[in-house]
Amino acid sequence: MQEDLDAPARKRTHNLAHDLVAKLSQSILLGQMLPGDKLPSENTIVQEHGVSRTVVREAISKLQASGLVETRHGIGTFVLERAPEQGLRLNVDTALGVRSILELRMGLETQAAALAASRRTDQQLMQMREALDDYQSLLANNDSCVEADKRFHLLIAEATGNVCFTEIMQHLGSAMIPRTRVNAAERGAADLSKLGQLANLEHEAILNAIKRQDPDAARAAMWLHLTNSRDRFSAGA
């Protein structure tokens, strides 16, 4: 009988540890904690996340097993340098390769946008807004807005609460931004400034749907953005 009473508590601890692993993993994968950085102390994590020491220890153990951190006895837990991924090789240096990446993203990011609309926090929404503000400022100055563009899409992946989305988007890196990947000869007469302005309007529609916490609208807005990106790129290439 006691074993039955203990089972829900064990399940709750496991779920809390899983949630904490997801949050800490996101911070590492998004570069908020860099290789060599020391994780906050056990007491700090307990206070910041409102969990028990048992939950923190289980979460750290899972991060160690995944190769994201290592614990040095008597010193603390540190973020590890991540080895280059060997399993997935994508050709993104030709027009055909970029169109293929966009088709991949149409499946991946439409679902990410829908999940982000359901799960995003106010802080994540604010960070998305900041990314688009940076994008617009850079675009207005005719500067490269690739990093701001990439950051916006990564933040949507982060807001899913599912580290797998973030890892795939991290792997794509700047390959997710079509206008950065193909040389001028293949790009043809495409006006990159105009493309950036059109993309900006689509980004705003995605953000507004996520802000309203409307998964269907977020999915549709992301689908439209990526479909238009593919079509604009194909027309220019």
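As the structure is a computational prediction, the values presented were derived from the model and not from experiment. (Residues numbered from 1 in each chain as written. Predicted model: local features only at pLDDT ≥ 70, side-chain atom pairs only at ≥ 80, totals over all residues. Heavy atoms only, no water.)

Novice: Looking at this structure, how should I read the pattern of salt bridges?
Specialist: Pairing between side chains of opposite charge can happen when their charged atoms approach one another. Summed over all chains, the structure comprises 10 salt bridges. The salt bridge involving Glu 42 is made with Arg 53; its shortest N-O contact spans 2.8 Å. In this pair, Glu 42 is assigned in helix 2 (residues 42-49) and Arg 53 in helix 3 (residues 53-65), connecting sequence segments 11 residues apart. Here Glu 42 falls in the partly exposed class, since its relative accessible area comes to 25%. For Arg 53, a relative accessible area of 39% gives the class partly exposed. Its salt-bridge partner being Glu 42, residue Arg 57 comes within 3.0 Å of it at the nearest N-O pair. In this pair, Arg 57 sits in helix 3 while Glu 42 sits in helix 2, placing the two residues 15 residues apart along the sequence. In this structure, a network of salt bridges that share partners links the residues Glu 42, Arg 53 and Arg 57. (Salt bridge = Lys/Arg side-chain N within 4 Å of Asp/Glu carboxyl O. Helix = DSSP H or I, 4+ residues; strand = E, 2+ residues; numbered from the N terminus. Buried < 20%, exposed > 50% of the residue type's maximum accessible area, 1.4 Å probe, protein only.)

Novice: What is the right way to read the packing of helix 6 (residues 146-159) against helix 7 (residues 163-172) from this model?
Specialist: Between two packed helices, both the angle of their axes relative to each other and the distance between the axes serve to describe the pair. One can describe the packing of helix 6 onto helix 7 by two numbers: an axis separation of 7 Å at closest approach and a directional angle of 160°. In terms of orientation, helix 6 lies roughly antiparallel with respect to helix 7. The two elements helix 6 and helix 7 meet at a crossing, and its hand is left-handed. Taking contact as the criterion, the partners of His 153, Leu 154, Ala 157 and Glu 158 in helix 6 are, on helix 7, Phe 165, Thr 166, Met 169 and Gln 170. Partitioning the contact of helix 6 with helix 7 into residue classes produces 4 nonpolar, 3 polar and 1 charged. (Axes fitted to C-alpha atoms, helices over the stretch in contact; angles between N-to-C directions. Parallel < 35°, antiparallel > 145°, perpendicular 65-115°, else oblique. Left-handed = near helix turned anticlockwise from the far one by under 90°. Contact = heavy atoms within 4.5 Å. Nonpolar A, V, L, I, M, F, W, Y, C, P; charged D, E, K, R; others polar.)

Novice: Which parts of the structure should I look at to understand helix 6?
Specialist: The α-helix winds at 3.6 residues per turn, so residues separated by three or four positions along the chain end up facing the same way. When the terminal C-alpha atoms of helix 6 are compared, their 20 Å separation across 14 residues agrees well with the 20 Å that a helix rising 1.5 Å per residue should span. In terms of residue burial, helix 6 counts as a mostly covered element, since 12 of its 14 residues are buried. Backbone geometry just after helix 6 places Gly 161 at a positive phi near 75°. (Expected span 1.5 Å × (residues − 1).)

Novice: Can you help me understand the pairing of strand 1 (residues 69-72) in this one?
Specialist: Every regular strand shows the same layout, with side chains that alternate between the two sheet faces. Judged from the 4 bridges that link them, strand 1 and strand 2 (residues 76-79) form a sheet pairing that is antiparallel. When the sheet's bridge partners are listed, Arg 72 is paired in strand 2 with Gly 76. (Pairing = 2+ DSSP bridges.)

Novice: Please clarify how helix 7 should be interpreted in this entry.
Specialist: Listing the buried residues of helix 7 in full gives Phe 165, Thr 166, Met 169 and Leu 172. On an axial view of helix 7, the arc spanned by its buried residues comes to 120°, and they lie on one face. (Arc of directions from axis to C-beta.)

Novice: Before we go on, may I ask you to explain the packing of helix 2 against helix 3 in this structure?
Specialist: Contact geometry of helix 2 with helix 3 gives a least axis separation of 9 Å together with a crossing angle of 110°. Overall, the two elements helix 2 and helix 3 adopt an arrangement that is roughly perpendicular. Note that helix 2 runs across helix 3; the crossing there is right-handed. Judged by residue contacts, Glu 42, Asn 43, Ile 45 and Val 46 of helix 2 engage Arg 53, Val 56 and Arg 57 from helix 3.

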